[in-house]
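As a plain string of letters, each chain reads:
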Amino acid sequence: MGRLFYKGLVGFLLSLFLAGQVHATLTIEITEGIEGAMPVAVVPFGRGEGLGSETLPVNIARVVSADLARSGRFAPLSEKDLVARPHEPQDVNLQNWRISGVDTLVIGKIRSDRAGHYVIHFRLYDVFKGEKLTEHVIPSTRGGLRRTAHFISDIIYEKLTGQRGAFATHIAYITASKKRSKMRYSLNIADADGYNEQTVLDSPSPLMSPSWSPDGRRIVYVSFEHGRPTINIQEVATGDRGVITRYNGLNGAPAWAPDGKSLALTLSKDGNPEIYILELASRKLHRITRNGGIDTEPAWSPDGRKLAFTSSRGGKPQIYIVKVDRNKAIGQPQRLTFEGNYNARAAFSPDGRLLTFVHAVRGAYRIAVLELKTGNMQELTDSYLDESPSFAPNGSMIIYATNVGDRGVLAAVSVDGRVRQRFAFQQGDVREPSWSPFGKKPFSSK
Amino acid sequence: MKITSKLIILALSSLLLAGCGTTGGDADGGGAAVDDRSTSSGASGGAAYAGEELNDPNSLLSKRVVYFDFDSDSIKGDFRDIIKVHAGYLAAKPGESVVLEGHADERGTREYNVALGERRANAVRQMLILQGASASQIQTVSYGEEKPAALGHDEEAWRLNRRVEFVYQR
């Protein structure tokens, strides 16, 4: 099987500018040799009938290449290294592709059947086996072309890895920026690759801890707009919002239960920060921790049976886990982290096997991953002020906040640590990313 | 955003001025306030408070910020005097109220830092009450690391951000 090796170093800078839309420049840094990353050729899609001389706003092949590279599992050939540029099956010579060392080939063609409406036809080939793996015909509006490219990446990814792709998902995050010498805070949503940023809330007071509901329709967050922290929920589609808790003291760290019916959260109304579960329909509150230390940052396991949380009950912040059943804690919390003197802000992987969290050693705050079964811990980043890790819904990547120069930026790392990326947003200090759940799957992969 | 010393000075000045609202000019506290709360030794601040003390740059009352060590909510020696004076003021002026804003430096996780800021504000609150202020005069809020006084990623900025601020409500 042909293999392509990329030895470290900066890959390629992708910056597709969409007129009139805010976007992030995504720098892909390949931090180690991607041995094991599958070499793939994504040929620029051909232009079919109906397009005339029209310029398309999106280069679909480029978006697909970038998506596949971001996952850490694929090494797309750069365009100049493509040995041929077929668009139709009859032009494909798999023998030639085999010699060039790729395992997989993607070709496609776009045509327009009426103004502002397109039909995209793409095919995926296994070069080594010499066979077509799948093909799809996808209609799209002009505005939906980028999303269609992400759907294509999802289909390819799932076909080749067996794992669902997360390229058509979204991220929410907070941006703090100075506007006319006053700080402004905004809650934003963007595509998972940083494009199409939209502000859904703008405030003169701090916003924190955004988190998507399991159905992707709402975002819960903490707001200081009333002079003290309150937990709020906002409908993404309409912008309707309401205060959920405004107890004395802290109202913080809201986390959706997997069934979307309750939130775990932190309140200090009973004397010091503790974990509670709030039933959303009845607003009934259930206390989970009872301890003089700080207990905060709860995170649900995907089966809804456990809560991981940060506790300083042992002196310094560490991650603990407690079983919950019908909103009650079962037994005593067990400590999970034993390396380093600061471990906080855990998040479960979607399959429940891993925890990601912030792990500090000698003053450097990094993102780490703990395998729950074995207790093995691995640091995924090597910077100094990393925080707020959040898994992609397919568990393949972790998005987090970090600093570059003097600015807060978002970054993502593949769960094996091989590939790291940085989002450079155009303005402000960006922090607290939350990765959305999967949307509805528009296509089935055959 | 480059940190310049100008910015820090500006930030500090605005903090110091933050507590100064319109001058009260009230004369209700003409005489020395008789303080029956004898547990408080701080009532020795029992000198008359006329109304301008909060704005007097020579008075410890003009100091509105208490600083803390990393990951700590212990009140260090130097700051006890400041708290004592504020306690005395509050004790003498039952009509005055203050909001204690707790903060943390940027290191560590954000929600944990909100809890840490609250601990610091509570520590100051406790000391104020022990020294004569009434609980009803004091409110606390924590901003964690969300409202830094100094923008920077070094020890000096972090030191300036680990703080509790007295914000008098006038």
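In this text, all values refer to a predicted model and were calculated from it rather than measured experimentally.

A. Local environment of the overall build of chain B. Scanning chain B for helices and strands turns up four helices and four strands. Listing every helix and strand of chain B by position from the N terminus yields α-β-α-β-α-β-α-β.

B. Looking closely at the overall build of chain A. The helix and strand inventory of chain A stands at three helices and 32 strands. Computed over C-alpha atoms, the radius of gyration of chain A comes to 23 Å, within 12% of the 22 Å expected from 2.2 N^0.38 for 446 residues, which places it in the range of a compact globule. Its C-alpha atoms give chain A principal-axis dimensions of roughly 75 × 45 × 40 Å. Taking all 446 residues of chain A together, the buried fraction comes to 47%. For chain A, contacts bridging at least 24 residues in sequence account for 48% of all contacts bridging at least 6.

C. Structural context of the sheet that holds strand β15 (residues 241-245) of chain A. Residues and elements named next belong to chain A. On the basis of which strands lie adjacent, the open sheet formed by four strands has the order β12-β13-β14-β15 and antiparallel pairing. Edge positions in the sheet fall to β12 (207-212) and β15, since each of these pairs with one other strand and no more. This sheet shows a mean twist of 25° between the axes of neighbouring strands, independent of strand direction. Two elements, β12 and strand β13 (residues 218-223), share four bridges in a ladder whose sense is antiparallel. The partner of M208 across the bridge, within β13, is V222.

D. Representation of the packing of helix α2 (residues 77-92) of chain B against helix α3 (residues 110-130) of chain B. Residue and element names in this part refer to chain B. At their nearest, the axes of α2 and α3 sit 8 Å apart, and the two run at 55° to each other. Our classification of the angle between α2 and α3 gives oblique. In this structure, the crossing between α2 and α3 has a hand that is right-handed. For the pair α2 and α3, the contacting residues are I83, H86, A87 and L90 in the first and V124, M127 and L128 in the second.

E. Highlighting the environment of A:L280. Residue and element names in this part refer to chain A. Structurally, L280 is set in the loop between β18 (274-279) and β19 (285-287). With 17 C-beta atoms packed within 10 Å, L280 lands in the partly exposed category. Counting along the chain gives 24 residues from L280 to W256, while the straight-line C-alpha distance between them is 10.0 Å.

F. Local environment of the environment of A:S65. Residue and element names in this part refer to chain A. Position of S65 among the secondary structure elements: in helix α1 (residues 60-70). Note: C-alpha distance between S65 and G227 (162 residues apart in sequence) is 46 Å. Excluding residues within four positions of it along the chain, S65 makes contact with V42 and P76.

G. Layout of the interface of chain B and chain A. Of the residues lining the interface, 18 residues belong to chain B; the matching set on chain A comes to 29 residues. Looking at the side of chain B that touches chain A, the elements with two or more residues in it are α3 and β3 (138-144) of chain B. With six residues, the single largest contributor to the side of chain B that touches chain A is α3(B). Across the side of chain B that touches chain A, the residue classes break down as six nonpolar, four polar and eight charged.

H. Highlighting the pairing of β12(A). Counting buried positions over the six residues of β12(A) gives six, a clear majority of the element. With antiparallel pairing between neighbouring strands as the criterion, β12(A) and β13(A) make up a hairpin whose turn holds five residues, including A:G216 at a positive phi of roughly 70°.

I. Structural detail: unusual backbone geometry. All names here are of chain A. The backbone phi angle of R180 is positive, close to 50°, even though this residue is not glycine. Following the sequence through the fold, R180 ends up in the loop between β9 (170-179) and β10 (182-191). Even without being a glycine, N327 presents a positive backbone phi close to 70°. By secondary structure assignment, the location of N327 is in the loop between β22 (318-325) and β23 (328-335). Among the residues examined, N327 registers 17 C-beta atoms within 10 Å and is labelled partly exposed.

J. Seen up close, the nonpolar core. Among the nonpolar cores identified, the biggest contains 120 residues, and A:I60, A:V106, A:L307 and A:I398 are the most heavily contacted of them. Both domains that furnish three or more residues to this core are identified here as domain 1 (10-161) and domain 2 (170-435) of chain A. Other than its neighbours up to four places away in sequence, A:L307 contacts A:A264, A:I275, A:I288, A:P298, A:A299, A:W300, A:V322 and A:V324. Of all hydrophobic cores here, the second largest spans 20 residues; its members include B:L54, B:L61, B:L100 and B:V124.

K. Here's a closer look at the sheet that holds β22(A). Residue and element names in this part refer to chain A. As summarised here, the arrangement of the four strands in space is β20-β21-β22-β23, forming an open sheet in which the pairing is antiparallel. The open sheet has two edge strands, β20 (295-300) and β23, and neither has a second partner. Pairs of neighbouring strands in the sheet enclose a mean axial angle of 25°, with direction left out of account. Bridge analysis of strand β21 (residues 306-311) against β22 gives six bridges, and the strand direction is antiparallel. By the bridge assignment for β22, K306 is matched with K323.

L. Geometry of α3(B). All names here are of chain B. Relative to the 30 Å expected for 21 residues at 1.5 Å per residue, α3 spans 30 Å between its end C-alpha atoms, a close match to the ideal helical length. Taken across its 21 residues, α3 has 17 buried, putting it largely inside the fold. Remark: G132 follows α3 within two positions and exhibits a positive phi of approximately 120°.

M. Structural view of the packing of α1(A) against helix α3 (residues 145-161) of chain A. All names here are of chain A. One can describe the packing of α1 onto α3 by two numbers: an axis separation of 9 Å at closest approach and a directional angle of 45°. Here α1 is positioned oblique relative to α3, judged by the angle of their axes. Helix-helix and strand crossings are classified by hand; for α1 and α3 the assignment is right-handed. Residues I60, V63, V64, D67 and L68 of α1 lie in contact with α3, whose contacting residues are L145, R146, A149, H150, I152, S153, I156 and Y157.

N. View of the domain arrangement of chain A. Looking at the assigned domains, one finds that chain A contains domain 1 (10-161) and domain 2 (170-435). Look at where the C-alpha atoms of domain 1 of chain A and domain 2 of chain A centre, and you get two points 34 Å apart.

O. Just α1(A), in detail. Residues and elements named next belong to chain A. Of all 11 residues in α1, 10 are buried, a share of seventy percent or more. Within α1, burial applies to I60, A61, V63, V64, S65, A66, D67, L68, A69 and R70. Phi for G72, located one or two positions after α1, is positive at around 85°.

P. Fine view of the environment of B:V124. Residues and elements named next belong to chain B. One can find V124 in helix α3. Taking the C-alpha atoms as reference, V124 lies 7.5 Å from I75; in sequence the two are 49 residues apart. Contacts of V124, omitting those with residues within four sequence positions, involve V66, I75, I83, L100 and V164.

About the cut-offs
- Residues numbered from 1 in each chain as written.
- Chains lettered and ligands numbered in written order.
- Predicted model: local features only at pLDDT ≥ 70, side-chain atom pairs only at ≥ 80, totals over all residues.
- Helix = DSSP H or I, 4+ residues; strand = E, 2+ residues; numbered from the N terminus.
- Rg over C-alpha atoms; globule rule 2.2 N^0.38 Å.
- Buried ≥ 20, exposed ≤ 12 C-beta atoms within 10 Å, placed from the backbone.
- Contact = placed C-beta atoms within 7 Å.
- Pairing = 2+ DSSP bridges.
- Axes fitted to C-alpha atoms, helices over the stretch in contact; angles between N-to-C directions.
- Parallel < 35°, antiparallel > 145°, perpendicular 65-115°, else oblique.
- Left-handed = near helix turned anticlockwise from the far one by under 90°.
- Nonpolar A, V, L, I, M, F, W, Y, C, P; charged D, E, K, R; others polar.
- Core = buried A, V, L, I, M, F, W, Y, C linked by C-beta atoms within 7 Å.
- Domains from an automatic or database assignment.
- Expected span 1.5 Å × (residues − 1).

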